[in-house]
Protein chains: 2
Amino acid sequence: MEWDHLARELSVQTDSKIVLLVIDGLGGLPWNDKTELETAETQHLDRLALRGCCGVTDPIFMGITPGSGPAHLALFGYDPLHTPLGRGILEALGSDVEVRQGDLVARGNFATLQNGRIADRRAGRIPTAECERLCAKLNAALPVRPGTEVALFAGKEHRFVARFRAAGLGDALTDADPQKDGLPPLPTRAEAAGSEKAAAIVNAFLDDVVRVLAEEPAANAALLRGFSLQPTIPQMQELYKLRPAAIANYPMYKGLARLIGMKAYPVGAETRELFDTLEAHWAEHDFFYVHFKRTDSAGEDGRFEAKVKAIEEIDAFIPRIEALKPDVLVVTSDHSTPALMKGHSFHPNPFLLIAASALPDNTGVFTERDCAQGNLGRFRSIYAMPLMLAHAGKLKKYGA
Amino acid sequence: MEWDHLARELSVQTDSKIVLLVIDGLGGLPWNDKTELETAETQHLDRLALRGCCGVTDPIFMGITPGSGPAHLALFGYDPLHTPLGRGILEALGSDVEVRQGDLVARGNFATLQNGRIADRRAGRIPTAECERLCAKLNAALPVRPGTEVALFAGKEHRFVARFRAAGLGDALTDADPQKDGLPPLPTRAEAAGSEKAAAIVNAFLDDVVRVLAEEPAANAALLRGFSLQPTIPQMQELYKLRPAAIANYPMYKGLARLIGMKAYPVGAETRELFDTLEAHWAEHDFFYVHFKRTDSAGEDGRFEAKVKAIEEIDAFIPRIEALKPDVLVVTSDHSTPALMKGHSFHPNPFLLIAASALPDNTGVFTERDCAQGNLGRFRSIYAMPLMLAHAGKLKKYGA
């Protein structure tokens, strides 16, 4: 990707401030001829659309439905197809597990072992409280092996995250999971030189689990998959010379933001807390990523009306951003989540940009279809970052 | 190109069905202010435009006029700049020559040899019937060399296709053609290891031709260029998990489709036979490429009115596609062929997509200029395939 080279060369530190408001899963599909966004009363967003210029963005490229990880990376200017983000690390970020450079993490399941075979890969979907008890038991009872720290973090039902801390771990490891019931447990195997030590530590851990949980009725073994090290991704400070802040209340988004160098503030579940935090730390940063989740959650659940309400809820907070007078304000989404599809989709994101140097277009309503007619056109999300930096006066000229 | 990796990873087999109708050379330029498509009465295409969403596509990128081979490859999701398609293989496909894995093919000219020099590279443009006679004579009289089969297939006037069948042939061969009259015949030369055997076989063949045709008055030698093996291109089954069918009545399009794994049905010259075939094989496939040639032929001939009529002819068959209720219907073109330019052009193609998950736009008339205002925007043809697969529910999410 050429952008990261250009970014290092051209970006300059300035006092101007950028706010990127991500309304997660914003784009939708029509129910009675109107999408969620077309149905919602959004006087503030519409007013911004009239003042600014609009377009639509593809997180990866046309037709590709992205997960939240790749979709956010693109918005922050990282090519999602060339930025490694293992499943283990995403799960760890999503569970608020602290991951340091060199740590190896994996997604885990508690499972039921019977007569040497995995009888149930999910241990009968034990309750979350049971999972928490088992993780605590293992964290206390696992044998101590010098130079190695293993910690388990309970997730929902039978799920957990395992973190291995030791020197010289690699993550070229096969899944330690037979994938089907009725098969014997499968140890992990190093797929490349440099991961043998990690394989040995993981396999010793799996044996320890079976010993410690021998008397448990349902959950007496562990399966692990998606081994990943903390990836080394260039930091936003280094790429863009920004002092970036993440204002989000879901662990995954905070974790991802931390991974690329943002300071992630603790934020409660109420939407107004996003803006309290934004105001409280306004002086300390020059880039603010504000993440609003409820639109996506409603879309995932297929609740059209709830998504409309969530859009109206976030619209009401727009004046609090405007009052701070950011030099650049972008309102967009990471990906679309049409309530009619009950999941992420490949449809492009509405995109709205306000800045003194923006050429206003004729978009007078902030909707998918109006943005598709906007003067910014249709572009890949990865260009959002150069566009924001440029309008904030943070990019020098390329060449003479 | 990252798409082929993503396609393998994300595509899933489903029962949904896609129809891609290619109206060859559809885009045009105005005569009395209206293009061919704007002049034509197209009630069905206009109705589809109203229901679906539209855009325009560049086969390669802006300004590049493509041949039919690269333009079609792009529509099928193959990067035309990184998919090898030698001239020899295209000529062979266009002549309906059967080409197997390992066969070496080349474009040939009959030429006139005088006093050891090529006096006329086209042998006075001998009539096609004469070319057919010469090919038959050579096929019968060429000396048999063990382990090698050579066959000639007559084309128009002085042109033919030569096919060499033997084990271990390479295609890194220079053209056996001095390119200018008045020069001596030029043997081919292996440009890389692995093509020496092919060079020897080709040069022996060229000597044989001179011996067999020694008494011919005009055509007494052969020139060969564009040597190519059957390329190994990933198959659509493997890339997209599709069971694809090609419904086309010109050899080039059927041959190209076969090269990437489509089943190509025999179809007669009448336009209604395209749709008879589509209906007859509807249950057997989940991707149907339907190719209509007359628009391009009229454009190539510079016959504006004939192209208008051809567009109206294909429009009348749209209801037969609709009656089959495909999950995704795309109507577009491989490239533009404005009658005013009497040839392929670099102008983008009108593109129209109908699917339950498509967000309808305001395009109410299917024309070049209306599509250019459509919500799909302007994009490279290579994204048509991910877009069709996505709308057909045949692509999983990328990343978590």
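Basis of the calculations
Residues numbered from 1 in each chain as written. Chains lettered and ligands numbered in written order. Predicted model: local features only at pLDDT ≥ 70, side-chain atom pairs only at ≥ 80, totals over all residues. Heavy atoms only, no water. Patch = residues over 30% accessible without salt bridge, like charges linked within 9 Å, V, L, I, M, F, W, Y side chains within 5 Å. Areas by Shrake-Rupley, 256 points an atom, 1.4 Å probe, with all protein chains shown as cover. Salt bridge = Lys/Arg side-chain N within 4 Å of Asp/Glu carboxyl O. Helix = DSSP H or I, 4+ residues; strand = E, 2+ residues; numbered from the N terminus. Pairing = 2+ DSSP bridges. Axes fitted to C-alpha atoms, helices over the stretch in contact; angles between N-to-C directions. Contact = heavy atoms within 4.5 Å. Least-squares fit on C-alpha atoms with pLDDT ≥ 70 in both. Buried area = accessible area lost by both parts, 1.4 Å probe. Polar contact = N/O pair within 3.5 Å; in protein donor to acceptor, adjacent residues only side chain to side chain. Nonpolar A, V, L, I, M, F, W, Y, C, P; charged D, E, K, R; others polar. pLDDT = per-residue confidence, 0-100. Buried < 20%, exposed > 50% of the residue type's maximum accessible area, 1.4 Å probe, protein only. Expected span 1.5 Å × (residues − 1). Arc of directions from axis to C-beta. Disulfide = S-S within 2.5 Å. Phe/Tyr/Trp six-rings, centres within 6.5 Å; stacked < 30°, edge-to-face > 60°. Lys NZ or Arg CZ within 6 Å of the ring centre and 35° of its normal.

**Student:** Sorry, what's going on with a nonpolar patch on the surface here?
**Tutor:** Taken together, the side chains of B:Trp31, B:Leu340, B:Met341 and B:Phe346 present a nonpolar region at the surface, about 390 Å² in accessible area. Checked against the element boundaries, B:Phe346 lands in the loop between strand E11 (328-332) and strand E12 (349-355).

**Student:** Help me understand the sheet that holds strand E1 (residues 18-23) of chain B in this model?
**Tutor:** Strand pairing in a sheet is mediated by backbone hydrogen bonds. Such pairs are either parallel or antiparallel. Residues and elements named next belong to chain B. Strand order in the open sheet made by the eight strands is E9-E8-E10-E1-E11-E12-E2-E13, with mixed pairing throughout. For this open sheet the edge positions go to strand E9 (263-265) and strand E13 (377-380), each flanked by a neighbour on one side alone. Direction aside, neighbouring strands of the sheet carry axes that sit 25 degrees apart on average. Two elements, strand E8 (residues 244-247) and strand E10 (residues 287-292), share four bridges in a ladder whose sense is parallel. Its bridge partner lying in E10, Ile-247 is registered against Val-290. Contacts from helix H15 (residues 384-391) reach E1, E10, E11, E12 and E13, with the element oriented near 15 degrees to E12.

**Student:** Where do I start with the environment of A:Ala162 in this structure?
**Tutor:** Position of A:Ala162 among the secondary structure elements: in strand E6 (residues 159-165). What A:Ala162 contacts, discounting residues up to four positions off in sequence, is A:Leu104, A:Val105, A:Ala106, A:Ala151, A:Leu152 and A:Leu224.

**Student:** Looking at this structure, I do not really get the relation of the copies chain A and chain B. What am I missing?
**Tutor:** In summary, the two copies of the chain are related to each other by a rotation about an axis coupled with a shift along it. By a simple turn and slide, chain A fits onto chain B: the slide is 0.2 Å along the axis, the RMSD is 0.4 Å, and the turn is 125 degrees. In symmetry terms, the pair is related by a three-fold rotation axis. Both copies present different contact surfaces, since only 4% of the interface residues of chain A are interface residues in chain B too.

**Student:** Just checking my understanding: could you explain the interface of chain A and chain B for this structure?
**Tutor:** A common way to express how large an interface is: the accessible area buried when the components associate. Taken together, the 28 residues of chain A in the interface contact 24 residues of chain B. Roughly 2,200 Å² of surface becomes buried between chain A and chain B when both sides are summed, with 67% attributable to carbon and sulfur atoms. At the surface where chain A touches chain B, the tally comes to zero salt bridges. There are nine residue pairs in polar contact (both at pLDDT 80 or more) connecting chain A and chain B. Contributions of two or more residues to the side of chain A that touches chain B are made by helix H4 (68-75), helix H5 (87-94) and helix H14 (368-372) of chain A. Looking at the side of chain A that touches chain B residue by residue, the classes come out as 14 nonpolar, 10 polar and four charged.

**Student:** What's the story with the packing of H5(A) against helix H9 (residues 251-259) of chain A in this structure? I'm lost.
**Tutor:** Packed helices, taken two at a time, are described by their axes: the angle between them and the distance between them. Residue and element names in this part refer to chain A. Viewed as axis vectors pointing N to C, H5 and H9 meet at an angle of 120 degrees, and their least axial separation amounts to 7 Å. Here H5 contributes Leu-90, Leu-93 and Gly-94 to the contact with H9, which in turn contributes Pro-251, Met-252, Gly-255, Leu-256 and Leu-259. Of the residues that constitute the contact of H5 with H9, the class distribution is six nonpolar, two polar and no charged.

**Student:** Would you mind going over the confidence of the model for chain A with me for this structure?
**Tutor:** For residues with low pLDDT, the predicted coordinates do not support detailed interpretation. Across chain A, the average pLDDT comes to 95, with 100% of residues at 70 or higher. Across the whole predicted complex the pTM is 0.88, and at the interface the ipTM reaches 0.87.

**Student:** Where do I start with the side chain of B:Thr277 in this structure?
**Tutor:** Checked against the element boundaries, B:Thr277 lands in helix H10 (residues 271-280). Setting aside residues no more than four positions away along its own chain, B:Thr277 makes contact with B:Ile247, B:Tyr265, B:Pro266 and B:Val267.

**Student:** I would appreciate a short explanation of the sheet that holds strand E12 (residues 349-355) of chain A in the present structure.
**Tutor:** Residues and elements named next belong to chain A. Taken together, eight strands build an open sheet; the order of strands is E9-E8-E10-E1-E11-E12-E2-E13 and the sheet is mixed. The sheet is open, and its two borders are formed by strand E9 (263-265) and strand E13 (377-380), each paired with just one other strand. Pairwise comparison of adjacent strand axes, ignoring direction, gives a mean angle of 25 degrees for this sheet. With six bridges joining them, strand E1 (residues 18-23) and strand E10 (residues 287-292) adopt parallel strand pairing. What sits directly across from Ile-18, in E10, is Phe-287. Together, strand E8 (244-247), E9 and E10 form the strand contacts of helix H10 (residues 271-280), whose direction differs from that of E10 by roughly 175 degrees.

**Student:** I tried to follow the pattern of salt bridges on my own but got confused; where do I start?
**Tutor:** Pairing between side chains of opposite charge can happen when the charged atoms of each approach one another. Residues and elements named next belong to chain A. Using the criterion set out here, one finds 56 salt bridges over all chains in the structure. A salt bridge links Arg-163 to Glu-98; the shortest N-O distance between them is 3.9 Å. In this pair, Arg-163 sits in strand E6 while Glu-98 sits in the loop between H5 and strand E3 (104-114), placing the two residues 65 residues apart along the sequence. With a relative accessible area of 44%, Glu-98 lands in the partly exposed category.

**Student:** Any chance you could explain helix H12 (residues 304-315) of chain B here in plain terms?
**Tutor:** One full turn of an α-helix is made of 3.6 residues, so residues set three or four places apart face in the same direction. Residue and element names in this part refer to chain B. A rise of 1.5 Å per residue sets the reference length of H12, with its 12 residues, at 16 Å; its end C-alpha atoms lie 17 Å apart and thus fit the reference within 8%. What H12 keeps buried is the set Phe-304, Lys-307, Val-308, Ala-310, Ile-311, Ile-314 and Asp-315. Around the axis of H12, the buried residues are gathered within 160 degrees of arc, so they sit on the same side.

**Student:** Sorry, what's going on with the state of the cysteines here?
**Tutor:** Any covalent bond linking the sulfur atoms of two cysteines counts as a disulfide. Residues and elements named next belong to chain A. Under the criterion given, the structure shown has zero disulfides over all chains. Cys-131 supplies the cysteine sulfur nearest to Cys-135, a cysteine that is in no disulfide, at a spacing of 4.3 Å. When its relative accessible area of 3% is taken as the criterion, Cys-135 is described as buried.

**Student:** Please clarify how the packing of aromatic side chains should be interpreted in this entry.
**Tutor:** Two measures describe an aromatic ring pair: the distance that separates the ring centres and the angle between the ring planes. Taken as a whole and judged by the stated rule, the model has 22 aromatic pairs over all chains. Between B:Trp31 and B:Phe304, the ring centres sit 5.2 Å apart and the planes meet at 50 degrees, which makes this aromatic pair tilted. In this pair, B:Trp31 sits in the loop between E1 and helix H2 (36-39) while B:Phe304 sits in helix H12, placing the two residues 273 residues apart along the sequence. When the centroid spacing of 6.4 Å and the interplanar angle of 75 degrees are considered together, the rings of B:Tyr78 and B:Tyr240 count as edge-to-face. Remark: B:Tyr240 occurs in helix H8 (residues 236-240) and B:Tyr78 occurs in the loop between helix H4 (68-75) and helix H5 (87-94); sequence separation between them is 162 residues. Like B:Tyr78, the residue B:Tyr240 is buried in the burial classification. Within the aromatic cluster, the residues linked to one another by ring pairs are A:Phe61, B:Trp3, B:Tyr78, B:Tyr240 and B:Tyr383. The ring of A:Trp282 has A:Lys17 sitting right over it, with the charged end atom 5.4 Å from the ring centre.

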